[in-house]
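So the chains spell out like this:
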Amino acid sequence: MDQTKIILHRDYQIAPVDPRIFGGFLEHIGRAVYEGVYDHQSRHADPQGFRKDVLRSLKDLDFTAMRYPGGNFASGYHWLDGVGPRTSRPVVQELASLSIEPNQFGSDEFIQLARKMNWTPMLTVNLGTGTPEEARNWVEYCNGPAGTKYSNLRAGNGSAEPYEVKLWGLGNEMDGPWQQGHVPADQYAIRAQQAAKLMKDVDPSIELVLCGSAEIGLPTYMEWDRTVLEYVGDYADYISLHRYVGNPAGDTADYLAVTNSIDQQIEVMDGLCRYAQAKTRSRKRYYLAFDEWNVWYRTQNAESVNGHGKVAQHLVEEEYNLEDALVVAGFLNSFIRHADVVRIANLAQIVNVIAPILTRGDQILLQSIYYPLALYTHRREGVALQAVVRGPGYESKNYGFVHTIDASAILGKDVLHAFLINRSSTESASVEIAQAGIPLKSVQSAELVTGPSAAACNTFDRPDVIHTQKLNNIQLTGQTATIQLPPLCVAAISFTMDDKV
Ligand code: AHR
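Note that the coordinates shown come from a computational prediction; the quantities given were computed from them, not determined experimentally.

Concerning the state of the cysteines
A disulfide bridge is the covalent bond that connects two cysteines by way of their sulfur atoms.
Part 1 of the argument: Within the structure shown, the criterion is met by 0 disulfides.
Part 2 of the argument: For the unlinked cysteine cysteine 211, the closest cysteine sulfur is that of cysteine 273, found at 14 Å.
Part 3 of the argument: The closest cysteine sulfur to the non-disulfide-bonded cysteine 489 is located on cysteine 457, 19 Å from its own sulfur.

In structure tokens form, the structure reads like this:
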């Protein structure tokens, strides 16, 4: 393969990388909460019932914004069911995944967990079967200083101090016919605006995420977004994007080119936000919250989300392979390349349900996608740089032309991070990073995730097929670094610099 050249310049900056783009999502579905993060029966449980082994592995992923309690679950959830003495909480029918919800884990347990893990809580209110008033009450419960009805309730449940939840979602996927309480865009817009006003009146410091299109394939895609942006206007701060991708055709080259479509999804939504701003003559700039994203296709069917009226069933437990790990890295490259507009992003999800971590009894498995997440999250501070790629590429079946090497870069205080994906299944790649204005001194760390084949995956029997390895043989001469990449890999390289930026 011909050499690829990545050209960087310290002054060609996109924007500071918002740490919240390395967020996660914990939903009441399947075994995400119960048997996932929370399991009093496990021998790994701490005194509060949190699974220490799971939390240790999550800690290394260092998630920032953590979205909770759903997802589709949020549209049938009444938050009052999940607070107060656990023995008095109602057991309810959960209709999003046709399960039973025992309400043993609710707002207080989530905040306790978020504090333990240093997560920024992001709560999604129920705008499906719930009311704007119920949403407003939840804000008071979480953020009101003690002295009023719901803040006193919180104090009575053990926390006199407010929880200070600053990020709130105005419902979930309300454009989807599968959603409890689904309505057309104009009706959702009214609900969202009413809820937003009440919520911000209770706590003007909160930020709100409007429901954008759930899928780019829905007939209302873009028209939904335009309608709600224009109506809700200045009341909200972000609009959500969701995306699940997969390789049902078994075409690795095409699948790895899906990054083009993710870039495009971000760019058209940003374009729409600018259009709505101009049309409404607003001074307010909307930013993007990519608050559900991942690979999900093997378990995307009705049976996989059917809990058959039971608690914590094995729902949507996708098993991930090497090519999925590269696609996850591709999402992150895309978010970094769009750091000027993507301010929040949440991997869906974190444990058991379409997740990097699986539990089985007291065992734990780190799936392939765990490893690229860790590569990025350890190198996330700084300003995104434009990474110009010159080199070989190919025309993909569904997503157009892509370079064989996908890249992004972050310039930190005294460090440069480069992220590279080799999409070739057969060929190694030589990559030259040619940069200007960044006095590279040495390689601080260089890591690689690869494996024996695109389909290779970790299993409970063979848990270590895909893992992080050291990347050696990086040549550093003057302003140029040359890196050799094996086929199908994602690499993260951090260079120290001679002076401070
Ligand atoms: O993440 C799983 C589900 O996918 C969420 O509940 C929903 O919002 C989306 O459709």
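After presenting the structure, the write-up continues.
A few points about the packing of helix H1 (residues 52-61) against helix H2 (residues 107-117)
Part 1 of the argument: Put simply, H1 and H2 touch, their axes get as near as 10 Å, and they point 55° apart. Classed by the angle they form, the pair H1 and H2 counts as oblique. Facing H1, whose interface residues are Leu55, Leu58 and Lys59, H2 presents Leu113, Lys116 and Met117.
Part 2 of the argument: Of the residues contributing to the contact of H1 with H2, the split by class is 4 nonpolar, no polar and 2 charged.

Here's the deal with the environment of alanine 214
Part 1 of the argument: Relative to the assigned elements, alanine 214 resides in the loop between strand E9 (207-210) and helix H6 (223-232).
Part 2 of the argument: By relative accessible area, alanine 214 is classed as buried at 5%.
Part 3 of the argument: Note: C-alpha distance between alanine 214 and alanine 329 (115 residues apart in sequence) is 22 Å.
Part 4 of the argument: The contacts of alanine 214, once residues within four sequence positions are left out, are Glu173, Asp175, Trp178 and His242.

Here's the deal with the site of the ligand
Part 1 of the argument: In the vicinity of the ligand, the contacting residues are Phe25, Glu27, Gly71, Asn72, Asn172, Glu173, Tyr244, Glu292, Trp296, Gln349 and Ile354.
Part 2 of the argument: Between the ligand and asparagine 72 there is a distance of 2.9 Å, counted from an oxygen atom to a backbone nitrogen or oxygen.
Part 3 of the argument: Contacts to the ligand include glutamate 292, whose side-chain N or O atom sits 2.6 Å from an oxygen atom.
Part 4 of the argument: Notes on the ligand: free accessible area 280 Å², of which the protein chains cover 93%.
Part 5 of the argument: Counted by class, the shell around the ligand contains 4 nonpolar, 4 polar and 3 charged residues.

So, the pairing of strand E14 (residues 363-366)
Part 1 of the argument: Here strand E13 (residues 357-360) pairs with E14 via 4 bridges, running antiparallel. Bridge pairing in E14 places arginine 360 opposite glutamine 363.
Part 2 of the argument: Taken together, E13 and the strand that follows it, E14, pair antiparallel across an intervening segment of 2 residues, in which glycine 361 is found at a positive phi of about 55°.

Considerations on the sheet that holds strand E1 (residues 4-9)
Part 1 of the argument: The strand order across the open sheet built from 5 strands is E16-E1-E21-E25-E24, with neighbouring strands paired in mixed fashion. Each of the sheet's edge strands pairs with one partner strand only, and the pair in question is strand E16 (388-390) and strand E24 (475-477). Between one strand and the next, the sheet's axes are offset by a mean angle of 20°, whatever the strand orientation.
Part 2 of the argument: Pairing between E1 and strand E21 (residues 429-436): 6 bridges, direction parallel. Counterpart to histidine 9 in the pairing with E21 is alanine 436.

Points about the pattern of salt bridges
Part 1 of the argument: If you walk through the whole model with that rule in mind, you get 28 salt bridges.
Part 2 of the argument: Of the charged contacts, one joins lysine 279 and glutamate 230 as a salt bridge, the two residues approaching to 3.3 Å between their closest N and O atoms. A residue pair is termed long-range when its members are at least 10 positions apart, and lysine 279 in helix H8 (residues 259-279) and glutamate 230 in helix H6 qualify at 49 residues.
Part 3 of the argument: The partly exposed category is assigned to lysine 279, whose relative accessible area is 39%.
Part 4 of the argument: Between arginine 423 and aspartate 406 there is a salt bridge, with its nearest N and O atoms 3.4 Å apart. With a gap of 17 residues between them, arginine 423 in the loop between strand E20 (415-422) and E21 and aspartate 406 in strand E19 (residues 405-411) connect regions that are remote in the sequence.
Part 5 of the argument: What makes arginine 423 buried here is its relative accessible area of 5%.
Part 6 of the argument: Here the salt bridges share partners, and the residues they tie into one network are Glu223, Arg226, Glu230 and Lys279.

A closer look at the sheet that holds strand E23 (residues 467-470)
Part 1 of the argument: Read across the sheet, 7 strands follow the order E2-E15-E19-E20-E26-E22-E23 without closing on themselves; strand pairing throughout is antiparallel. Whereas interior strands pair on both sides, the edge strands pair on one side only; in this sheet they are strand E2 (13-16) and E23. Strand-to-strand twist across the sheet, computed as the mean angle between neighbouring axes with direction ignored, equals 25°.
Part 2 of the argument: With 3 bridges connecting them, E2 and strand E15 (residues 383-385) associate as antiparallel partners. By the bridge assignment, proline 16 is partnered in E15 with valine 383.
Part 3 of the argument: The sheet strands contacting helix H10 (residues 370-377) are E19, E20, strand E22 (440-450), E23 and strand E26 (489-497), and the helix crosses E26 at an angle near 15°.

A word on the packing of aromatic side chains
Part 1 of the argument: A complete count under the given rule lists 22 aromatic pairs for this structure.
Part 2 of the argument: With centroids separated by 6.5 Å and ring planes inclined at 85°, the aromatic side chains of phenylalanine 50 and phenylalanine 105 adopt a geometry described as edge-to-face. Residue phenylalanine 50 is found in the loop between strand E3 (23-25) and H1, and its partner phenylalanine 105 is found in the loop between strand E6 (99-101) and H2; the two are separated by 55 residues along the sequence.
Part 3 of the argument: Looking at phenylalanine 50, the relative accessible area reads 0%, which means it is buried.
Part 4 of the argument: Pairing tryptophan 138 with tryptophan 168 gives two aromatic rings, centres 5.6 Å apart and planes at 80°, and the pair type is edge-to-face. A residue pair is termed long-range when its members are at least 10 positions apart, and tryptophan 138 in helix H3 (residues 132-143) and tryptophan 168 in strand E8 (residues 167-170) qualify at 30 residues. In this structure, tryptophan 138 and tryptophan 168 share a single accessibility class: buried.
Part 5 of the argument: A connected cluster of aromatic rings, assembled from ring pairs, spans Phe73, Tyr77, Trp79, Trp138, Tyr141, Tyr150 and Trp168.
Part 6 of the argument: Between arginine 67 and the ring centre of phenylalanine 25, over which it is positioned, the NZ or CZ distance is 4.6 Å.

Points about the packing of H3 against helix H5 (residues 185-202)
Part 1 of the argument: In the contact formed by H3 and H5, the axes pass within 8 Å of each other and the chain directions differ by 25°. Judged by the angle between their axes, H3 and H5 are roughly parallel. Relative to H5, the crossing made by H3 is right-handed. Contact residues: H3 offers Pro132, Glu133, Ala135, Arg136, Val139 and Glu140, while H5 offers Arg191, Gln194, Ala195, Leu198, Met199 and Val202.

Notes on the nonpolar core
Part 1 of the argument: Counting 127 residues, the largest nonpolar core has Leu26, Leu58, Trp168, Leu170, Tyr188 and Leu210 as the members making the most contacts within it.
Part 2 of the argument: Here this core takes 9 residues from helix H9 (residues 322-337), the largest share from any one element.
Part 3 of the argument: Those residues within four positions of tryptophan 168 in sequence are excluded, and the remaining contacts are Leu123, Val125, Trp138, Val139, Cys142, Asn143, Met199, Ile206, Glu207, Leu208 and Val209.
Part 4 of the argument: Counting residues in each nonpolar core, the second largest holds 28 residues, with Leu385, Ile438, Ile474 and Ala481 among its members.

What counts, and at which threshold
- Residues numbered from 1 in each chain as written.
- Predicted model: local features only at pLDDT ≥ 70, side-chain atom pairs only at ≥ 80, totals over all residues.
- Heavy atoms only, no water.
- Disulfide = S-S within 2.5 Å.
- Axes fitted to C-alpha atoms, helices over the stretch in contact; angles between N-to-C directions.
- Helix = DSSP H or I, 4+ residues; strand = E, 2+ residues; numbered from the N terminus.
- Parallel < 35°, antiparallel > 145°, perpendicular 65-115°, else oblique.
- Contact = heavy atoms within 4.5 Å.
- Nonpolar A, V, L, I, M, F, W, Y, C, P; charged D, E, K, R; others polar.
- Buried < 20%, exposed > 50% of the residue type's maximum accessible area, 1.4 Å probe, protein only.
- Near = heavy atom within 4 Å.
- Polar contact = N/O pair within 3.5 Å; in protein donor to acceptor, adjacent residues only side chain to side chain.
- Areas by Shrake-Rupley, 256 points an atom, 1.4 Å probe, with all protein chains shown as cover.
- Pairing = 2+ DSSP bridges.
- Salt bridge = Lys/Arg side-chain N within 4 Å of Asp/Glu carboxyl O.
- Phe/Tyr/Trp six-rings, centres within 6.5 Å; stacked < 30°, edge-to-face > 60°.
- Lys NZ or Arg CZ within 6 Å of the ring centre and 35° of its normal.
- Left-handed = near helix turned anticlockwise from the far one by under 90°.
- Core = buried A, V, L, I, M, F, W, Y, C linked by side-chain atoms within 4.5 Å.

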